[in-house]
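What follows is each chain in one-letter form.
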Amino acid sequence: MENILNWTFINEVTSPLPIEATIIFEGEQVLARFQTIRDTALITDKRFIVVDSQGITGKKKEIYVVPFKSINMFSTENSGKFDLNSEIELWTKSGRIKINLKRGIDVQKFNKIIARHIC
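Scope of this entry: the structure provided in the associated data block. (Residues numbered from 1 in each chain as written. Predicted model: local features only at pLDDT ≥ 70, side-chain atom pairs only at ≥ 80, totals over all residues. Heavy atoms only, no water.)

Of all seven residues that make up strand 8 (residues 96-102), five are buried, and the element is covered over most of its length. The sheet contact formed by strand 7 (residues 85-92) and strand 8 spans seven bridges and is antiparallel. Looking at the pairing, Glu87 lines up with Asn100 of strand 8. Taken together, strand 7 and the strand that follows it, strand 8, pair antiparallel across an intervening segment of three residues, in which Gly95 is found at a positive phi of about 150 degrees. (Buried < 20%, exposed > 50% of the residue type's maximum accessible area, 1.4 Å probe, protein only. Helix = DSSP H or I, 4+ residues; strand = E, 2+ residues; numbered from the N terminus. Pairing = 2+ DSSP bridges.)

Shown next, in the form of structure tokens:
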């Protein structure tokens, strides 16, 4: 099965992202926020959300939402001595998603969030 999506999270951010006001529903809790190369990503207690900025100005947005209930299986690979990235793969009802985590992002935090919410 080929990857249907491939994202790279560069760093975790602590302040709310602009998209949160329009996409997070009442009672949903944001667990982590990330900056991608040009985009942003959120992990809530219900789903993964990635906002893909498109076009020259980046004003056009495509939003990907992956509910935890659609994840069938996941794997994580921590970075080694010479690796720059850790990796997470999510197998969903629609296909496989690969997330690269740049050095400094805690892959174990992902393990805990995913494991807690897909069971």
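Next comes the rest of the write-up.
Burial runs high along strand 3 (residues 40-44): five of the five residues are buried. Where burial is concerned, the two faces of strand 3 agree: the one with Thr40, Leu42 and Thr44 and the one with Ala41 and Ile43 are both buried. Of the strand pairs in this sheet, strand 2 (residues 30-36) and strand 3 are connected by five bridges, and their pairing is antiparallel. Its bridge partner being in strand 3, Phe34 is matched across the sheet by Ala41. Two successive antiparallel strands, strand 2 and strand 3, enclose a turn made up of three residues. Taken together, the four bridges between strand 3 and strand 4 (residues 47-54) define a ladder with antiparallel strand orientation. Bridging from a neighbouring strand, Ile43 pairs with Phe48 of strand 4. Remark: two residues form the turn of the hairpin made by strand 3 and strand 4, two consecutive strands paired antiparallel.

As a further point, take the nonpolar core. If you look at soluble globular proteins, the nonpolar side chains tend to sit buried side by side. Within the largest apolar cluster, 22 residues are counted, with the highest numbers of intra-cluster contacts made by Phe9, Phe48, Ile99 and Phe110. Within the residue set of this core, elements represented by two or more residues are strand 1 (3-13), strand 2, strand 3, strand 4, strand 7, strand 8 and helix 2 (107-118). Ranked by the residues each element gives to this core, the list is headed by helix 2, at four residues. Each residue touching Phe9, except ones within four places of it in the same chain, is listed here: Phe34, Gln35, Thr36, Ala41, Val50, Ile99, Asn100, Leu101, Lys102, Ile105 and Phe110. Counting residues in hydrophobic clusters, the runner-up holds seven residues, among them Leu17, Ile19, Ile23 and Val51. (Core = buried A, V, L, I, M, F, W, Y, C linked by side-chain atoms within 4.5 Å. Contact = heavy atoms within 4.5 Å.)

We now examine the packing of aromatic side chains. Applying the stated criterion across every chain, the model contains six aromatic pairs. With a centroid separation of 5.0 Å and an interplanar angle of 20 degrees, the aromatic rings of Phe9 and Phe34 are classed as stacked. Of this pair, Phe9 sits in strand 1 while Phe34 is found in strand 2, placing the two residues 25 residues apart along the sequence. In this structure Phe34 comes out as buried when scored by relative accessible area, which is 1%. Each ring, one from Phe34 and one from Phe110, has its centre 5.2 Å from the other, and the planes form 35 degrees; the classification is tilted. With Phe34 in strand 2 and Phe110 in helix 2, this pair connects stretches of sequence that are 76 residues apart. (Phe/Tyr/Trp six-rings, centres within 6.5 Å; stacked < 30°, edge-to-face > 60°.)

In this section: the pattern of salt bridges. On inspection of all chains with the given rule, the structure shows five salt bridges. For Arg47, the salt bridge goes to Glu28, with nearest N and O atoms at 2.6 Å. Of the two residues, Arg47 is situated in strand 4 and Glu28 in the loop between helix 1 (20-23) and strand 2; the sequence distance between them amounts to 19 residues. Given a relative accessible area of 8%, Glu28 falls into the buried group. Taking the shortest distance from any N to any O, the salt bridge between Lys98 and Glu87 comes out at 3.6 Å. One end of the pair, Lys98, is in strand 8; the other, Glu87, is in strand 7, and eleven residues separate them in sequence. For the residue pair Lys98 and Glu87, the accessibility class agrees, reading buried in each case. (Salt bridge = Lys/Arg side-chain N within 4 Å of Asp/Glu carboxyl O.)

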